[in-house]
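Breakdown of the fold
So you can see what is in the structure, the chains are spelled out below.
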Amino acid sequence: MSSRNLVILTGAGISAESGVPTFRASDGLWCGHRVEAVATPEGYAADPALVQDFYNQRRRQLGQVEPNAAHVALARLAARWEGDVLLVTQNVDDLHDRAHRDTPPAPGFDLIHMHGELLKARCTRSGVVSDWFGDMAPDQASPHHPHGVMRPHIVWFGETPLEMDRIERALWRCDLFVSIGTSGAVYPAAGFVQIAKAAGARTVEINLEPTAGRHLFDEGAYGPATRTVPAFFDALKP
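Residues numbered from 1 in each chain as written. Predicted model: local features only at pLDDT ≥ 70, side-chain atom pairs only at ≥ 80, totals over all residues. Heavy atoms only, no water.

**Details of the UniProt feature "binding site: substrate" (unreviewed entry) in the chain**
Residues given the UniProt feature "binding site: substrate" (unreviewed entry) here are Y55 and R58. Along the polypeptide, Y55 turns up in helix α4 (residues 48-61). Within the secondary structure, R58 is located in helix α4. R58 gets classed as buried once you look at its relative accessible area, which sits at 9%. (UniProt positions renumbered as here; feature names shortened; annotations may be inferred. Helix = DSSP H or I, 4+ residues; strand = E, 2+ residues; numbered from the N terminus. Buried < 20%, exposed > 50% of the residue type's maximum accessible area, 1.4 Å probe, protein only.)

Rendered as structure tokens:
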């Protein structure tokens, strides 16, 4: 089967080897906090100071990590691929962005951060999104609206992931769908493989170990992302 048009989904597992904490540990906490307290609109409304401090710390941590061999392998693919490549990441870090800045992609490449980005902020009144590299105060005034404040540009539980229409269109026309470093347990991303299969695409799971949804994929490659991702994509041909 030819693989001209690709959709690649990445999750926390691709950044873990760079030192970025995975979203939720076995104890149900994210970096020591209940997910409900720092990753929901209700948590933000109840304690904006806690939420802003949490994301300020995550933002600072980005300066201490670098793209790893898996990010770099995807950047190499995007630079040489002649078809369309849509890279959809559930991660809010900027490691894919940095890898692609160092290895500029071909014209058919696009990157979507479906859960938002740590290095962006959004006005609560106008919805305008801006680059944001420093800390945010709990009552950070918005430059976009006289009555707005700036919040992290993060899709919290209960909010709709970004660019879903574009992602679904790409899934329906892709020839190959690859899921990397994600548990496959959180929707809507967990349903991407089913759309791709319905479209007739080849489907591949690349993960540290098989997930509960392994049976939905045609193939699987298991082990550390820094080994499995370069091995798969460096050998991939249209």
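**With respect to helix α5 (residues 69-80)**
The terminal C-alpha atoms of α5, which comprises twelve residues, lie 17 Å apart, in line with the 16 Å expected from a rise of 1.5 Å per residue. Restricting attention to buried positions, one finds in α5 the residues A70, H71, A73, L74, A75, L77 and A78. (Expected span 1.5 Å × (residues − 1).)

**Considering the sheet that holds strand β8 (residues 150-154)**
Spatially, the three strands line up as an open sheet ordered β7-β6-β8, and their pairing is antiparallel. Single-partner strands in this sheet number two, and they are β7 (129-131) and β8. Mean inter-strand twist for the sheet, computed between neighbouring axes without regard to direction, equals 45 degrees. As defined by bridge partners, strand β6 (residues 116-123) adjoins β7 across three bridges and the pair is classed as antiparallel. Paired with R122 across the bridge in β7 is V129. (Pairing = 2+ DSSP bridges. Axes fitted to C-alpha atoms, helices over the stretch in contact; angles between N-to-C directions.)

**Description of unusual backbone geometry**
Cis geometry marks the peptide bond from Y187 to P188; its omega dihedral reads 15 degrees. If you trace the backbone, P188 turns up in the loop between β9 (176-180) and α8 (192-198). With a phi angle near 60 degrees, E163 is a residue other than glycine that sits in the positive phi range. You can see E163 is positioned in the loop between β8 and α7 (164-173).

**Overview of the pattern of salt bridges**
One pass over the full model with this rule turns up twelve salt bridges. Note that E219 is salt-bridged to R202, the shortest N-O span being 2.6 Å. Residue E219 is located in strand β11 (residues 219-222), and its partner R202 is located in strand β10 (residues 202-207); the two are separated by 17 residues in the primary sequence. Residue class for E219 comes out partly exposed when judged on its relative accessible area of 30%. (Salt bridge = Lys/Arg side-chain N within 4 Å of Asp/Glu carboxyl O.)

**Regarding the environment of A201**
Relative to the elements of secondary structure, A201 occurs in the loop between α8 and β10. In the structure, A201 is positioned 44 residues away from F157 in sequence and 29 Å away in space, judged by C-alpha atoms.

**A word on the side chain of N5**
Structurally, N5 can be placed in the segment before β1 (6-10). Among the polar contacts listed, one links the side chain of N5 to the backbone nitrogen of D84, at a separation of 3.2 Å. With sequence-adjacent residues up to four places away left out, N5 is seen in contact with G83, D84, R173, C174, D175 and L176. (Polar contact = N/O pair within 3.5 Å; in protein donor to acceptor, adjacent residues only side chain to side chain. Contact = heavy atoms within 4.5 Å.)

**Structural notes on the packing of α5 against helix α9 (residues 225-234)**
α9 packs onto α5 with a crossing angle of 15 degrees between their chain directions and a minimal axis gap of 7 Å. One finds that α5 runs roughly parallel with respect to α9. Crossing angle aside, the handedness with which α5 passes α9 is left-handed. For the pair formed by α5 and α9, the contact residues are A69, A70, A73, L74, R76, L77 and R80 on the first element and A225, T226, V229, P230, F233 and D234 on the second. Its residues assigned to classes, the contact of α5 with α9 shows nine nonpolar, one polar and three charged. (Parallel < 35°, antiparallel > 145°, perpendicular 65-115°, else oblique. Left-handed = near helix turned anticlockwise from the far one by under 90°. Nonpolar A, V, L, I, M, F, W, Y, C, P; charged D, E, K, R; others polar.)

**Some thoughts on the pairing of β10**
Burial runs high along β10: five of the six residues are buried. Alignment of β9 against β10, held across five bridges, turns out to be parallel. Note that in β10 the partner of S179 across the bridge is E205. In this fold, the crossover linking β9 to β10 by way of α8 has right-handed handedness. (Right-handed = clockwise from strand over helix to strand, strands pointing away.)

**Remarks on the packing of aromatic side chains**
All told, the structure shown has five aromatic pairs when counted by the stated rule. Ring geometry for Y55 against W156: centres 6.2 Å apart, planes inclined by 40 degrees, an arrangement best described as tilted. Taken together, the residues span a long stretch of sequence, with Y55 in helix α4 and W156 in the loop between β8 and α7 at a distance of 101 residues. With a relative accessible area of 0%, Y55 lands in the buried category. Aromatic pair F177 and F217: ring centres 6.5 Å apart, planes at 15 degrees, arrangement stacked. With F177 in strand β9 and F217 in the loop between β10 and β11, this pair connects stretches of sequence that are 40 residues apart. (Phe/Tyr/Trp six-rings, centres within 6.5 Å; stacked < 30°, edge-to-face > 60°.)

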